[in-house]
Amino acid sequence: KIRSSSHRPSHPAQRTHSSTQTQTMSNSRQYWVYHERQDALLCGQHALNNLVQQNAFSPGSLADIAGQLDQMELNFMAQNDEGGTSSKDYLKRIAEGSGNVDESGNFSIEVLRSALLSRFDLELPNIQQKGVRDKVEITDIEGFICNRESHWFAIRKINDRFYNLNSTLERPEFISHFKLAAEMEALQNEGYSVFCVLNSLPPPCTSDAMMDLGLPQYWWKEEDLMSGKSNAMTRADDPWKDVGSGRRLDGNAGRGGNDTSQMSEDEMLQMALAASLEQPVPSMSDRAYALTDEPADGAPGAVKIQFRLPDGTRAVRRFSESDLVGVIYAFVASKCSKQSVELRAGFPPKDISSKKEATIADSKLAGEMIHGRYV
């Protein structure tokens, strides 16, 4: 049974104080709830974005992860001792196509797990997994992903309230703490698998800057949702959304824009100083790396790395384990006509750009398969 925590004060005065305190905290800032609606059969993508409360994942990025997982699975099968690429299992897997995304855009749980882990360093265990619920109440869990057959949806805690963010719903639906355990148990009785993120999800949206991470038509003002307004406001409808952006409420450019004709010298100086502070500062990761000579086969410290390049071709090259990861980028750049490339390695695949200044040995990339894609 899924247990729900209960923190009801026994004395009426305590209940009044608790209610007043909660209301005061709720009114101290404005919360917005992100709720993407169903598009084709991309509910897995919408479930992830609703869970993290931002438009973080696209169909293309999830398809890339699915392709990488498929390739890793095939590589593993090809290396077995029962026929390799000629085995019945391998040939059957090739004939079946992707095991991680179907033609309609439905992604596997492994794709969703890999996406969360590589982008946000978050685990997504099944709630029934041993040890997951040993030390935590159901109402202390920050978010859930529910799946039955080809449908996925998220439930997320925002401002200490839970919302059903099913992409087939017209708007987010509030779930009380009291009913959460019963809802989860009912879903599992209906055949749903329930996965969870215990903590460390991105914080709920309380600012314009955070709202820019999502699409405007999908942001709902929590205040309106909780008051039951039939015409609850979304960010796309908010008449105040352009305040401070140099645009008047009627949509025309205003004094806050780039028009300097009526500015004083002091105002223009302040604008120039602000603009200078916004200029990006080159980082060490932006510097060019020279491609070192390839060590001889069997040379001390020589390691092999396999590549799946952005154009689909494969390559194997030796490096010195003391080479910087930046040298790997130099090698890939020599094969990719100077186009910008993202490199990922490991399982699930993670972007390795932050390791450019580390050695190949320290980054544990020796013998790895590195996947590249154009960005």
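Below or above, wherever it landed, is the structure these notes cover. This structure is a prediction, so every number in the text was calculated from the model and none was measured. Throughout, residues of each chain are indexed from 1 in the direction in which the sequence is written. Thresholds applied to this predicted model are a pLDDT of at least 70 for local features of residues and 80 or more for the giving and counting of side-chain atom pairs; totals over whole chains, interfaces and linings are not thresholded and use all residues. Only hydrogens and water are removed before side-chain values are computed, so all heavy atoms of the structure are retained for them.

Thoughts on the overall build of the chain
Line of reasoning, step 1. Across its full length, the chain carries ten helices and twelve strands.
Line of reasoning, step 2. For every residue, the accessible area obtained with a 1.4 Å probe (protein chains only) is divided by the maximum for its type, and the residue is called buried under 20%, exposed over 50%, and partly exposed between those limits. Here the chain holds 375 residues, and 40% of them are scored as buried.
Line of reasoning, step 3. Contact definition: two residues touch when any of their heavy atoms are within 4.5 Å. The long-range share in the chain, meaning contacts at least 24 apart out of those at least 6 apart in sequence, stands at 63%.
Line of reasoning, step 4. Areas reported here follow the Shrake-Rupley algorithm with a probe of radius 1.4 Å; residue values treat only the protein chains shown as occluding. For the chain, the accessible surface area stands at approximately 21500 Å², while carbon and sulfur atoms represent 49% of it. Every helix listed is a DSSP run of H or I at least four residues long, and every strand listed is a run of E at least two residues long, numbered separately from the N terminus.

Re the sheet that holds strand β12 (residues 369-374)
Line of reasoning, step 1. For two strands to pair, DSSP has to find at least two bridges joining them. Across the sheet, which stays open at both edges, the five strands sit in the order β9-β8-β12-β10-β11 with mixed pairing between neighbours. The open sheet has two free edges, formed respectively by β9 (314-320) and β11 (350-351), since each of these has just one partner strand.
Line of reasoning, step 2. Across seven bridges, the pairing between strand β8 (residues 302-308) and β9 is antiparallel. Considered in β9, the bridge of Q306 is made with V316.
Line of reasoning, step 3. Every axis in this analysis is a line fitted to C-alpha atoms, fitted for helices over the stretch in contact. Angles between the N-to-C directions lie between 0 and 180 degrees. Helix-sheet contacts for helix α3 (residues 59-78) involve β8, β9, β10 (341-345) and β12, and the interaxial angle to β12 is about 155°.

Describing unusual backbone geometry
Line of reasoning, step 1. Positive phi values are uncommon outside glycine, yet D121 reaches one of about 55°.
Line of reasoning, step 2. If you trace the backbone, D121 turns up in the loop between α5 (109-120) and β2 (143-148).
Line of reasoning, step 3. Given the relative accessible area of 55%, D121 is considered exposed.
Line of reasoning, step 4. Backbone geometry at E149 places phi at a positive 55°, although glycine is not the residue there.

Quick look at the side chain of E222
Line of reasoning, step 1. Tracing the chain through its elements places E222 in helix α8 (residues 222-227).
Line of reasoning, step 2. Judged by its relative accessible area of 4%, E222 falls in the buried class.
Line of reasoning, step 3. Any pair of N or O atoms that falls within 3.5 Å is considered a polar contact. Within protein, one atom must be able to donate a hydrogen and the other to accept it, and sequence-neighbouring residues count only if both atoms are side-chain atoms. Within the structure, the side chain of E222 is placed 2.9 Å from the side chain of R161, a separation counted as a polar contact.
Line of reasoning, step 4. In this structure, E222 is in contact with Q30, Y31, W32, V33, I158, N159, R161 and Y163, ignoring residues within four places of it in sequence.

Considerations on the pairing of β9
Consecutive residues of a regular strand have side chains that alternate between opposite faces of the sheet.
Line of reasoning, step 1. Residues A315, R317 and F319 point to one face of β9 and are all buried, whereas R314, V316, R318 and S320, pointing to the other face, are not buried.
Line of reasoning, step 2. Counted between consecutive antiparallel strands, the loop separating β8 from β9 contains five residues, among which G312 sits at a positive phi close to 95°.

Describing helix α10 (residues 325-335)
Line of reasoning, step 1. When you tally the buried positions in α10, you get eight out of eleven residues, the bulk of the element.
Line of reasoning, step 2. For α10, the full list of buried residues reads V325, G326, V327, I328, Y329, A330, F331 and V332.
Line of reasoning, step 3. Residues of α10 that are buried sit in contact with β8, β9, β10, β11 and β12.
Line of reasoning, step 4. Count one or two residues on from α10 and you reach S337, which has phi positive near 50°.

Observations regarding the environment of L343
Line of reasoning, step 1. Within the secondary structure, L343 sits in strand β10.
Line of reasoning, step 2. L343 sits 30 residues away from R373 along the chain, and the two C-alpha atoms are 6.8 Å apart.
Line of reasoning, step 3. If near-sequence neighbours (up to four positions away) are discounted, L343 is found in contact with I328, Y329, V332, K350, D351, I352, I370, H371 and G372.

Considering the packing of α3 against α5
Line of reasoning, step 1. Contact geometry for α3 and α5: axes closest at 9 Å, N-to-C directions at 110°. In terms of axis orientation, α3 runs roughly perpendicular to α5. Considering only the axes of α3 and α5, their crossing is right-handed. Seen from α3, the contacting residues are L62, I65, A66 and L69; seen from α5, they are E110, V111, S114, A115 and S118.
Line of reasoning, step 2. Basically, the charged four are Asp, Glu, Lys and Arg, the nonpolar ten are Ala, Val, Leu, Ile, Met, Phe, Trp, Tyr, Cys and Pro, and anything else, Gly included, counts as polar. Along the lines of polarity and charge, the residues of the contact of α3 with α5 split into six nonpolar, two polar and one charged. Angle categories are assigned with fixed cut-offs, so that under 35 degrees is roughly parallel, over 145 is roughly antiparallel, 65 to 115 is roughly perpendicular, and the rest are oblique. Crossing chirality is assigned from the near helix's rotation relative to the far helix, an anticlockwise turn below a right angle marking it left-handed and a clockwise turn marking it right-handed.

Points about the side chain of S108
Line of reasoning, step 1. Among the structural elements, S108 can be located in the loop between α4 (88-96) and α5.
Line of reasoning, step 2. In contact with S108, not counting residues within four places along its chain, are G99, N100 and W152.

Focus on the nonpolar core
In a soluble, globular protein the nonpolar side chains are often hidden away together inside.
Line of reasoning, step 1. In terms of nonpolar packing, the biggest core is built from 26 residues, with L112, L116, L124, I145 and W152 touching the most fellow members.
Line of reasoning, step 2. Those elements that place two or more of their residues in this core are α2 (43-52), α3, α5, β3 (151-158) and β6 (193-197).
Line of reasoning, step 3. Those residues in contact with L112 that lie beyond four places of it in its chain are G44, L48, F107, L124, I145 and W152.
Line of reasoning, step 4. What we call a nonpolar core is a set of buried Ala, Val, Leu, Ile, Met, Phe, Trp, Tyr and Cys residues that are connected through their side-chain atoms within 4.5 Å. Counting residues in each nonpolar core, the second largest holds 20 residues, with F307, A315, F331 and I352 among its members.

Comments concerning the packing of aromatic side chains
Line of reasoning, step 1. Each pair of aromatic rings taken from Phe, Tyr and Trp, with Trp reduced to its six-membered ring, is defined by centres within 6.5 Å and is described as stacked if the planes are under 30 degrees apart, edge-to-face if over 60, and tilted in the remaining cases. Counted by the stated rule, this structure contains ten aromatic pairs.
Line of reasoning, step 2. Sitting over a ring, as applied to charges here, requires NZ of Lys or CZ of Arg to be within 6 Å of the ring centre and within 35 degrees of the ring normal. Positioned over the ring face of F319 is R317, at 4.7 Å from the centre of the ring.

Concerning the pairing of β8
Line of reasoning, step 1. Only one face of β8 is buried: it carries V303, I305 and F307, and the other face, with A302, K304, Q306 and R308, is open.
Line of reasoning, step 2. Pairing between β8 and β12: three bridges, direction parallel. Residue pairing in the sheet places Q306 in a bridge with M369 of β12.

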